[in-house]
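Close look at the chain arrangement
Listed here are the chains, written in short residue letters.
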Amino acid sequence: MSPSSFQVTSRLIDDVAIIYPRGYLNNLSGENIVSECARHAQAGVRKIIVNFRDTDLINSIGISFLLTVMEDLRDAGGTLCFSGMKKAHLDTFEMLGLTKYFLLFTDEDAALRALGGGQV
Amino acid sequence: MELRKALFNIASLSDLGGEITSEKDFQEKLKSFLHVVLGTFLASSGAIACRDRPDGRIVFAERKGFEKLAPQEIDLSPLLAAAKNEPYRPDGGSSLRAEGAEAVVPLWVKDDFIGFILLGAKFTAEPYTPEDFEMLVVFARQIAIALKNHALFLDLTEKLEENRKLYEEMRRIYHDTLQAFAAAIDAKDVYTRHHSQRVARYSVAIARELGWSEHDIEGIYVAGFLHDVGKLVISNELLNKRTPFTPEEIEEVRRHSLVSYKIISQIRFPWKDIEKIIRHHHERLDGTGYPDALKSEDLSEGVKILALADSFDAMTSQRAYREKMDVQKALDELKNCLHRQFDDRVLLAFCRVLDKEIRGELPEPDILPHLDRESDLSVISSLLQGLIRELSDNDADG
């Protein structure tokens, strides 16, 4: 996958939106993750899981967009869960003191169960 | 944790470097710069301001948040008084603090104030640390240089465009002068009106068909315009004489190519050998031409092109002493004089380009508009097809 390749898809299970960022979250196309979350939030969704299973890289630009996601959901009074994060990314988030702004799960199913959403 | 933080900072600087050197549109780069800074310092809002063109006023080149802040209302004096590229926290009473700015960095390159970076509060609500400010200095220097380089690039682009316009204007004046000169030459003889212009256009068409560069095509165009400049020294009576020339008169008329050469040699043209092309445009491949009786191997392709273009126009134009030929007859004549007077590759190119013009394959025809309107184009086209076949076979054999 090329360093500029980044795609975001999502699905809705009951009242939980699951966001799938794929590729390198390291450039302006990362803005799609913000717009995808905003689209669900505008539809009234307040529980969002971002599944990082297929996210290979997160750099400072990616962190900037994830900050916006966190901020938007915090302002809307919602719950944000991250799942499938690679250890290196998680270490960075921990070092930056960001892990208290989302719930962390090893996988999507665990996050869904915690949020009381439907089964996969 | 300190090591991890240091590595993160290095990675962020590398992110910024990558964006600076990327081939993105500059506005996209600016947006990326801002997000690198926001992501590195966990700022919820931020802006990069720089000087606008052409009036130099400060504008926000990119921002997230700070929508209510009007750049022209910002008091720049504290920014200008602050240390270059050193972040500071704006005073409590300032408009910047009122709009949520927690850190400001004036951007300088040497003595040029480039703009500034604003950062709002951190997402984590923690204050900016001295270490953050130290790191911000490094970011600011790089962003300042990138902004300065972009401004220099725009300056150069503008100057280049000004020069291009100036060059085009000079070129237009130059061509107008050439045309005026050619008109003066052609006016000597009532029967050769627009002859130089037509020879120039025909020569261009042949040269282009032969694959000449645009630079060299312009050279042959100029040669076409000026090839008869030496006729200015020949008397009007002689040029317009209706009865056959005496041997002395023939010698006098033939002087024009040498006179043209002498005149043109005084001008430093940007094209190679233009004066030689003009000197030899009445030479023949068999060595019976003038002024130097050169043979084919001593004649350049430019000479051969101009010779054919000049002859074809002379044949298809009315003269004081004879009627004009129709195009078919002129083509026959060119063919009959092949190898003795005209080069087969040049004639082939001439036939090909004229055929393309007749078939409407060329958007701006050079030859067709000047041909006799009575001409039967279908007959000419079929004659050209035959000639092209014949000359192509010769070309393949030879």
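The structure we're discussing is the one just above.
In this report, the structure presented in the accompanying data block is examined. (Residues numbered from 1 in each chain as written. Chains lettered and ligands numbered in written order. Predicted model: local features only at pLDDT ≥ 70, side-chain atom pairs only at ≥ 80, totals over all residues.)

**Let's talk about unusual backbone geometry**
Residues and elements named next belong to chain B. Rules: Secondary structure is summarised from DSSP: a helix means a run of H or I of at least four residues, a strand means a run of E of at least two, and numbering begins at the N terminus for each. Think of it as a crowd count around each C-beta: if 20 or more other C-beta atoms lie within 10 Å the residue is buried, if 12 or fewer it is exposed, and in between it is partly exposed, with C-beta placed from the backbone throughout.
Of the consecutive residues Y290 and P291, the connecting peptide bond is found in the cis state with omega at 10 degrees. Within the element layout of this structure, P291 appears in the loop between α10 (274-279) and α11 (301-315). A positive phi angle, near 60 degrees, is found at N85, a position not held by glycine. Inspection of the secondary structure assignment puts N85 in the loop between α3 (77-81) and α4 (95-98). The phi angle at D273 is positive, at roughly 60 degrees, despite the residue not being glycine. Turning to its location among the elements, D273 is positioned in the loop between α9 (247-265) and α10. Looking at D273, the number of C-beta atoms within 10 Å reads 15, which means it is partly exposed.

**Let's talk about the pairing of strand β2 (residues 16-25) of chain A**
Residues and elements named next belong to chain A. So the rule is basically this: DSSP calls a pair of strands paired once it identifies at least 2 bridges connecting them.
Of all the 10 residues making up β2, nine are buried; the element is thus mostly covered by neighbouring parts of the structure. Examined bridge by bridge, strand β1 (residues 6-13) and β2 share eight bridges and lie antiparallel to one another. Bridge pairing in β2 places Q7 opposite R22. Counted between consecutive antiparallel strands, the loop separating β1 from β2 contains two residues, among which D14 sits at a positive phi close to 55 degrees. When β2 meets strand β3 (residues 47-51), the two strands line up parallel, connected through four bridges. Directly across from A17, in β3, lies its bridge partner I48. Note: β2 against strand β4 (residues 55-58), three bridges, orientation parallel. Bridging across to β4, G23 finds its partner in T55.

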